[in-house]
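Okay, here's what each chain looks like letter by letter:
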Amino acid sequence: MGAAPRPCQLLLLLGVFLLLLFLASRNLPKLPLTACVHGQTPPEEEEEEEGEESFLVPLQPGPALTPSGTPTAPLPLLGEEEFDLRRLQRAFSASLSPQSEILLREYLQGWRQLIKLMEALGTAFGLISREAVSKIGILQQHQEGPHSLHYRTVQSMAAFEVASGLVGFHSLPARQPPSGCRTLLRLHRALKWLELFLHKLGTSQTDEQPSRMCAEAYRMALAPYHSWWVQRAVSLAFLAVPSRQELYRIIRRGQKPAAGALVLATVESLGRVYNVTQGVYSAHGMLELP
């Protein structure tokens with residue numbers, strides 16, 4: 001076990017975290033929440049250079065349109081009901097078809113439950129949950145756009161975008177809508193982090209600290225794709241993860257006390273979906289997309 005951080009180190013990390021939040025807030029567009037959900041950007045905003053690999057950096061989509069050219073109706077991402085671990089487990093189980101295809105609509109439904117879970121877990125997950133909402137909005141646009149038939153499964157989306165030159169293996173061409181494959185890859189990487197965290201939580205002892213479990217899962221799944229500054233800020237935020245007892249209270253939500261078994265069943269569902277998706281990206285050489 002490593003030595004406890006010194007007060008000066010904690011103050012330095014806190015300063016870095018607050019500086020990142022300040023800089024990020026200055027660059028955020030003045031948009032309503034519904035615009036963020038559907039990925040709209042202000043017309044005067046300049047396009048940013050592609051290449052940042054971080055899950056935390058949003059892509060820049062345009063407004064969602066139907067094949068007739070009219071805007072799509074908003075899709076309620078979260079709803080008013082609270083997080084339900086059984087809904088999460090059922091959604092990801094339903095996203096894997098008997099033919100081992102990943103059904104995108106069901107996959108995104110599972111992610112909506114993951115967002116509810118992250119929001120219930122507090123501010124440590126807030127930044128990533130907001131970015132997940134943005135990614136879901138981009139994929140929804142593709143599902144309702146003129147090529148919607150190609151966005152029914154992860155497999156069909158990958159085949160269509162690779163064949164059509166829409167992926168951009170080195171950089172995304174200017175003025176091109178965000179690639180569905182690139183967008184889903186960010187969710188895919190974050191899914192591994194949450195899978196590892198929930199597995200650690202489901203197999204943990206009563207005296208183990210969720211903040212440490214969360215940080216370890218992050219280092220394994222997401223940290224390799226983040227800059228040093230983002231890693232430091234996120235690590236500091238994880239110190240605010242609730243206690244194990246509080247986490248189980250959030251997860252249980254009126255369920256029977258055997259929450260640990262339900263957590264591990266959910267982890268198994270997440271793992272199956274992750275492994276199939278990983279295979280699709282590997283087959284197309286897209287695991288390291290920028």
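Residues numbered from 1 in each chain as written. Predicted model: local features only at pLDDT ≥ 70, side-chain atom pairs only at ≥ 80, totals over all residues. Heavy atoms only, no water.

## Details of the side chain of Thr277
For the record, the criterion: Put simply, DSSP H or I for four residues or longer makes a helix, DSSP E for two residues or longer makes a strand, and each gets a number counted from the N terminus. Counted as a polar contact is a pair of N or O atoms within 3.5 Å, where, for protein atoms, one must be capable of donating a hydrogen and the other of accepting one, and residues adjacent in sequence contribute only when both atoms are in side chains. Only heavy atoms matter for contacts: two residues are in contact if any of them lie within 4.5 Å across the pair.
Within the secondary structure, Thr277 sits in helix α11 (residues 259-283). Within the structure, Thr277 has its side chain in polar contact with the backbone oxygen of Val273 (distance 2.8 Å). Sequence-distant contacts of Thr277, defined by excluding residues within four places in its chain, comprise Ile102, Val154, Leu184 and His188.

## Side note on the packing of helix α5 (residues 126-144) against helix α7 (residues 180-202)
Spelled out, the test is: Axes, fitted as lines to C-alpha atoms, cover a helix only where it is in contact. Angles between the N-to-C directions of the axes lie from 0 to 180 degrees. Rotating anticlockwise by less than a right angle from the far helix to the near helix defines a left-handed crossing, while the corresponding clockwise rotation defines a right-handed one. Think of it as three bins: nonpolar holds Ala, Val, Leu, Ile, Met, Phe, Trp, Tyr, Cys and Pro, charged holds Asp, Glu, Lys and Arg, and polar takes everything else, Gly as well.
For the pair α5 and α7, interaxial distance at closest approach is 9 Å and the crossing angle is 145 degrees. The two elements α5 and α7 meet at a crossing, and its hand is left-handed. Only Gly180, Thr183, Leu184, Arg186, Leu187 and Trp193 of α7 make contact with α5, whose side of the interface consists of Ile128, Ala132, Lys135, Ile136, Ile138, Leu139 and His142. Of the residues belonging to the contact of α5 with α7, the class tally is 8 nonpolar, 3 polar and 2 charged.

## With respect to the packing of aromatic side chains
Put simply, the rule reads: Any two of the Phe, Tyr and Trp rings considered here, Trp counted by its six-membered ring, make a pair once their centres fall within 6.5 Å; the pair's planes then place it as stacked at under 30 degrees, edge-to-face at over 60, or tilted in between. Residue exposure (1.4 Å probe, protein chains only): buried if accessible area is under 20% of the type maximum, exposed if over 50%, otherwise partly exposed. Only lysine NZ and arginine CZ atoms are considered, and such an atom sits over a ring when it is within 6 Å of the ring centre and within 35 degrees of the ring normal.
In the structure shown here, the tally under the stated rule is 5 aromatic pairs. Their ring planes at 80 degrees and their centres at 5.7 Å tell us that Phe92 and Tyr107 sit as a pair that is edge-to-face. Note that Phe92 is positioned in helix α3 (residues 85-95) and Tyr107 in helix α4 (residues 104-121), a separation of 15 residues in sequence. Across the pair, Tyr107 and Phe92 agree in class, each one buried. Relative to Phe160, the ring of Tyr151 lies with its centre 6.0 Å away and its plane at 75 degrees, an arrangement referred to as edge-to-face. The burial state of Tyr151 is the same as that of Phe160; both residues are buried. Each residue in the set Trp193, Tyr218 and Phe238 is aromatic and connected to the rest through ring pairs, giving one cluster. A cation over an aromatic ring shows up here: Arg189 above the ring of Tyr225, its NZ or CZ 3.8 Å from the ring centre. Across the ring face of Tyr274, the terminal group of Lys192 is positioned such that the distance to the ring centre comes to 4.8 Å.

## Points about unusual backbone geometry
In the Ramachandran plot, Ser100 falls in the positive-phi region, its phi being about 60 degrees despite a non-glycine side chain. With respect to the helices and strands, Ser100 occurs in the loop between α3 and α4.

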